[in-house]
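Structural overview for review
Below, each chain spelled out in residue letters.
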Amino acid sequence: MELNVDLAIIGAGPGGYSTALRAAELGAHVTLIERDAVVGGTCLQRGCIPTKTLISAVRTIDEMNYGREVGIEAHLDAIDFGKLRDHRTHIVDEMTHGLEGLLASRGIRVFRGNAALQADGSVLVTPSDGRDAVQEGKTSEDMKDVDSSLTIHATDVVLALGSHPTPLPGIPFNGALIDSTQALALNTVPHNAVIIGSGSIALEFASLLSTAGCETTLLIRHDHVLTYSDRRSAIVLNRELKRHGVNIITGTQVTGVDTSVNLGATVHYSTANEQDATVRGEIVLAAIGRMPNTDQEWLKGLPITIDDHGVVQTDPYGRTSMDHVWALGDITAGPMLAHHAFEQGYVIAETIAGLNPRPVNEMTVPSVIFSNPEFASVGVTAQQAKTDSRFLNVKETLFPVMANARMLMTGSAGSMCVVTGEYADQPGTACVIGMHIVSPDASDLIAEGQQLIANRIPLHDAASNIHAHPTLSEMVGEALLKADGRPFNTR
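The rules behind the values
Residues numbered from 1 in each chain as written. Predicted model: local features only at pLDDT ≥ 70, side-chain atom pairs only at ≥ 80, totals over all residues. Heavy atoms only, no water. UniProt positions renumbered as here; feature names shortened; annotations may be inferred. Axes fitted to C-alpha atoms, helices over the stretch in contact; angles between N-to-C directions. Helix = DSSP H or I, 4+ residues; strand = E, 2+ residues; numbered from the N terminus. Left-handed = near helix turned anticlockwise from the far one by under 90°. Contact = heavy atoms within 4.5 Å. Nonpolar A, V, L, I, M, F, W, Y, C, P; charged D, E, K, R; others polar. Expected span 1.5 Å × (residues − 1). Buried < 20%, exposed > 50% of the residue type's maximum accessible area, 1.4 Å probe, protein only. Pairing = 2+ DSSP bridges. Salt bridge = Lys/Arg side-chain N within 4 Å of Asp/Glu carboxyl O.

As annotated in an unreviewed UniProt entry, the protein is Dihydrolipoamide dehydrogenase from Bifidobacterium magnum. For the protein, the Sequence similarities (unreviewed entry) comment in UniProt is given as "Belongs to the class-I pyridine nucleotide-disulfide oxidoreductase family."

Let us look at the packing of helix α12 (residues 442-454) against helix α14 (residues 473-483). It is the contact of α12 with α14, at a shortest axis distance of 8 Å, that shows an interaxial angle of 35°. In this structure, α12 meets α14 at a crossing whose hand is right-handed. Here Leu 445, Glu 448 and Leu 452 of α12 come into contact with α14, specifically with Ser 473, Met 475, Val 476 and Leu 480. Here the residues of the contact of α12 with α14 are counted per class, giving 5 nonpolar, 1 polar and 1 charged.

Its 15 residues place the ends of helix α9 (residues 338-352) 21 Å apart at the C-alpha level, agreeing with the 21 Å of an ideal helix rising 1.5 Å per residue. The set of residues buried in α9 consists of Ala 338, His 340, Ala 341, Gln 344, Gly 345, Val 347, Ile 348, Ala 349, Glu 350 and Thr 351. On its buried face, α9 sits against α1 (14-25), α2 (41-46), α3 (48-69), β7 (150-159) and β18 (325-327).

So, about the sheet that holds strand β11 (residues 215-219). Read from one edge of the open sheet, 5 strands run β9-β16-β10-β11-β12, paired in parallel fashion. At either margin of the open sheet sits one strand with a lone partner, and together these are β9 (177-178) and β12 (247-249). Here β9 runs beside strand β16 (residues 283-286); their pairing, made up of 2 bridges, is parallel. Across the sheet, Leu 177 pairs through a bridge with Val 284, a residue of β16.

Looking now at the UniProt feature "binding site: FAD" (unreviewed entry) in the protein. The sites that UniProt annotates as "binding site: FAD" (unreviewed entry) are Lys 52, Asp 330, Met 336, Leu 337, Ala 338 and His 339. Here Met 336 lies in the loop between β18 and α9. Apart from the residues within four sequence positions on either side, Met 336 is in contact with Ser 163, Arg 290, Met 291, Pro 292 and Asp 330. Its place among the elements puts His 339 in helix α9.

This part covers the pattern of salt bridges. Counted by the stated rule, this structure contains 15 salt bridges. Ionic pairing is found between Arg 22 and Glu 350, a salt bridge with its closest N-O pair at 2.9 Å. Residue Arg 22 is found in helix α1, and its partner Glu 350 is found in helix α9; the two are separated by 328 residues along the sequence. Here Arg 22 falls in the buried class, since its relative accessible area comes to 15%. Using a relative accessible area of 16% as the deciding quantity, one classes Glu 350 as buried. Between Asp 484 and Arg 486 there is a salt bridge; the shortest N-O distance is 2.8 Å. Overall, the relative accessible area of 21% leaves Asp 484 in the partly exposed class. Classification of Arg 486 by relative accessible area gives partly exposed; the value is 32%. Connected via shared salt-bridge partners are Arg 22, Glu 25 and Glu 350.

Here it is, written out as structure tokens:
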């Protein structure tokens, strides 16, 4: 069977379906190919959406604990994990069905199969052996299975291949040593768990499990979490995770993991003071990052440049070194975030359509960790800015968050840092170039920082914006006032 289209997209995750939706909106004849039984990719099926659903649910436990501190007597009887799992599945199903309907409404055909780009630019699709671990047994209603083979001739092809969890060096996932996908498939909350890593996945699962009553140990390589983020924010988050019951062991080097299916696992690690330490857990979650899905055989024979880390090299608009072949998402440079892939998809679709979009500005891509409290960051840190020739007269302003009434009401601690400076191509005008927040709802607060940075709003104008009282957003407003030399409730 053969099919002729304007655009073929391999992978129906955030990057793939955003490209498809925008291209179809611009009049292109589009087809999506996905090896799993459902659309949505890692983010929707086994990443962003299911994890945040569980995190949102168990936060009620923190609210109950705080309620007792302020005079509202309440206690936790038990966690019905089966009902919690059903709730997670329901949310994912709702989002999946919504996406299916949107794709169908724009005339996008979706095939289930293994896709391989050929040297002549066509795409060969064969029956899929892929499945989704969380949504096993469910198939998208509008997805057509490829029974034998399908050759798709497309003017342009987009590679949106995604990524997979990185195993520990020389230690494959096995038994009780699991990855994040397997962690989401757990049917009970373990009594104790060990998490290896200090990034977003590790910290979110640490918060989730600890809040749900699991004795959680976090093994990290450096002296605090989020090594490459704003240092003050990372140290505050490190402290708050400990306050919420996460046991953090710093300066560790994992040397081995003894696993079994039913008896848990023992992690062997070394530190500067101890060469053969161990810690045991019912499960051990290795969350040290993700790797691009670029190890397929069919990629090796194509004129597509891939670096030593498996990253496909593209220009700012997503073009690869192969004519009419584009790439985006986790297989390209930049943060492995759904909203980053969304924007890449729009840029690619509009470029193919002959429009003139601006490339993705990496500096304006927010990073969020849904820990307790949340961490959110956008732009550059002060340290980064001071060594970057793009910026002049860099200044870092810290706002004492406990001066904010709403922070006091939440019972949480946190931090707020605003980095300002002048752009070298726009000297004389101070602008916000970085914002780093640890607080409840930091994931929502960071949107203001993103807009200020993306639009280069002068600091004086930004600081003049009015924020409702009493709100957490006032922290942003007062930090900007302080950065502008007009402090209100602070010195």
